[in-house]
Amino acid sequence: MIQEYETGAGPETEPEATRRDTGDAESSRASRGWWDRNADEYQSEHGTFLGDDRFVWGPEGLDEADARLLGPAESLTGLDVLEIGAGAAQCSRWLAAQGARPVALDLSHRQLQHALRIGGGFPLVEADAGALPFADASFDLACSAYGAVPFVSDPVRVFREVRRVLRPGGRWVFSVTHPIRWAFPDEPGPEGLSVAASYFDRTPYVEQDEQGRAVYVEHHRTIGDRVRDVVAGGFRLLDLVEPEWPAWNVQEWGGWSPLRGNLIPGTAVFVCERSGTGIPAAEGPGRD
């Protein structure tokens with residue numbers, strides 16, 4: 001759960017952290033507002049780690065150049081790739097350097113301004129991941145490093161949109177906070193190592209202002225939920241990667257740290273392939 005509430009506009013009342021239900025519209029509005037307010041601070045604090053043209057899957061520092069979850073770098077040449085929740089488009093910039101033709105999409109106008117500031121020569125698109133403004137079968141690959149998926153109440157809707165714009169056999173790879181982390185406090189130190197909540201509580205995490213309006217929303221799914229969502233979205237799950245914390249990485253990033261990273265997983269990366277069959281029903285066994 002990557003959240004550090006800053007506005008850059010002087011002292012503000014700290015939002016109230018709670019767990020409550022929230023739907024698509026409220027989640028989308030909160031995410032757009034939060035990232036627009038916090039993009040400058042986020043890029044300033046994490047820009048060095050992310051680089052301008054690296055493809056990093058999460059705070060552990062798993063690099064696509066080594067992981068090759070999208071395929072060998074040499075195979076990316078000439079492919080049309082959609083990055084969802086691109087932020088400042090660091091991943092798209094790396095893809096372009098491999099000869100791919102990326103399109104970087106984000107909900108936040110301010111994040112895309114940072115992408116424009118850094119440059120890259122590829123399209124930047126401001127849009128919601130649940131309503132992708134592209135024709136069917138427009139892309140060979142789609143990817144998202146902590147973008148969109150954790151912040152939407154209906155991930156199956158996003159996955160079906162991704163499937164729609166992918167060509168047959170297209171790969172969809174996305175990373176999210178590892179679901180087990182929701183049972184632990186979001187703290188990098190020893191206090192973050194004791195179970196404090198039910199892993200099975202799917203109630204969204206919400207930060208809200210004095211009027212009760214959500215200013216930050218993140219949605220929890222169990223591992224099983226995520227797998228069922230992938231299948232319901234019309235994909236086959238090829239791999240589930242849980243990056244280990246490397247010895248070289250000594251940074252703390254929110255609740256991620258070497259201490260916690262050496263004991264419990266912090267990121268889950270889902271490697272999926274567009275199914276050639278029809279899309280199954282969204283609901284399945286085990287869903288509450």
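Here the structure is shown first, and the text comes after it.
Residues numbered from 1 in each chain as written. Predicted model: local features only at pLDDT ≥ 70, side-chain atom pairs only at ≥ 80, totals over all residues. Heavy atoms only, no water.

Q: Got a sec to walk through the sheet that holds strand 7 (residues 205-208)? Specific residues and values, please.
A: On the basis of which strands lie adjacent, the open sheet formed by three strands has the order 1-7-8 and antiparallel pairing. Two strands lie at the open edges of the sheet, namely strand 1 (16-19) and strand 8 (214-218), each paired on one side alone. In this sheet, adjacent strand axes meet at a mean angle of 20 degrees when their direction is disregarded. The pairing of strand 7 with strand 8 spans four bridges and is classified as antiparallel. Considered in strand 8, the bridge of Gln208 is made with Ala214. (Pairing = 2+ DSSP bridges. Helix = DSSP H or I, 4+ residues; strand = E, 2+ residues; numbered from the N terminus. Axes fitted to C-alpha atoms, helices over the stretch in contact; angles between N-to-C directions.)

Q: So what's going on with helix 4 (residues 109-118)? Residues and values would help.
A: Considered for burial, the residues of helix 4 that qualify are Gln111, Leu112, His114 and Ala115. Burial along helix 4 is one-sided: seen end-on, the buried residues are contained in an arc of 150 degrees. Exposed and oriented more than 90 degrees from the buried face of helix 4 are Leu116 and Arg117. Among the structural elements, helix 1 (24-50), helix 3 (90-97), strand 3 (101-106) and strand 4 (124-126) are those in contact with the buried residues of helix 4. (Buried < 20%, exposed > 50% of the residue type's maximum accessible area, 1.4 Å probe, protein only. Arc of directions from axis to C-beta. Contact = heavy atoms within 4.5 Å.)

Q: Any chance you could break down the sheet that holds strand 10 (residues 267-274) for me, citing the residues and the numbers?
A: Pairing is mixed in the open sheet, where seven strands are placed in the order 4-3-2-5-6-10-9. Each having just a single partner strand, strand 4 and strand 9 (235-241) make up the two edges of the open sheet. Here the average twist between neighbouring strands, direction ignored, is 20 degrees. Sheet topology places strand 3 next to strand 4; three bridges connect them, and they run parallel. Looking across to strand 4, one finds that Asp106 is bridged to Glu126.

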